[in-house]
Amino acid sequence: DDPIVTYQAKKEHTNSFYASLCSRLLNCLNSGGRSFARYEFFYSDIDRPWFNFKYFELDLCKLGIPTDTKLKRTEWSLVRQQIRKRPRRFSRNFVTQEVERLKDYRSIVRKMQHMGMPRPKGFLFEVPRAIEVGTVVTAF
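Residues numbered from 1 in each chain as written. Predicted model: local features only at pLDDT ≥ 70, side-chain atom pairs only at ≥ 80, totals over all residues. Heavy atoms only, no water.

(A) Structural view of the pattern of salt bridges. A complete count under the given rule lists three salt bridges for this structure. As a salt-bridge pair, Glu98 and Arg101 come within 2.8 Å of each other at their nearest N and O atoms. Highlighted residues: Glu98 and Arg101, both in helix α6 (residues 92-114), separated by three residues, approximately one helical turn. (Salt bridge = Lys/Arg side-chain N within 4 Å of Asp/Glu carboxyl O. Helix = DSSP H or I, 4+ residues; strand = E, 2+ residues; numbered from the N terminus.)

The following block contains the structure:
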């Protein structure tokens, strides 16, 4: 495979050049690139509550602090001491654990949607209804 090369926008190229770039892109997307692009740039409806959930606001709520409260630096340091989890470094281990948590969340949601499993205790997310086969959808 040829390495991907970027070109300056000022340069004009022939149609055959663009055709060769398109054919490379299609070849990439016909192999493993298609699933990578699909999972990397789009997420399904069942993932929306997962990615929109704000754990920090939940921790503030447990402490009885409204989210729009203006606190001084010393007060924020006391709040941070009370929150159980410390911020984590972005590392391979962190990403692996987050991907596992997302997989667990997805499996629970799928069981709730398709098998009628009741909501587990402590499950904080809204579960959307499953889209039935044959339903007309609009993609943006």
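That was the structure; now back to the text.
(B) Broad picture of a nonpolar patch on the surface. Among the surface-exposed residues, Phe90, Val95 and Val99 lie close enough to one another that they form a single nonpolar patch of about 290 Å² accessible area. Here Val95 lies in helix α6. (Patch = residues over 30% accessible without salt bridge, like charges linked within 9 Å, V, L, I, M, F, W, Y side chains within 5 Å. Areas by Shrake-Rupley, 256 points an atom, 1.4 Å probe, with all protein chains shown as cover.)

(C) Layout of the side chain of Asp47. Tracing the chain through its elements places Asp47 in the loop between α2 (33-41) and α3 (48-52). Owing to a relative accessible area of 1%, Asp47 belongs among the buried residues under this scheme. At 2.5 Å, the side chain of Asp47 and the side chain of Arg106 are in polar contact. Filtering out sequence-adjacent residues up to four positions away, Asp47 remains in contact with Leu102, Tyr105 and Arg106. (Buried < 20%, exposed > 50% of the residue type's maximum accessible area, 1.4 Å probe, protein only. Polar contact = N/O pair within 3.5 Å; in protein donor to acceptor, adjacent residues only side chain to side chain. Contact = heavy atoms within 4.5 Å.)

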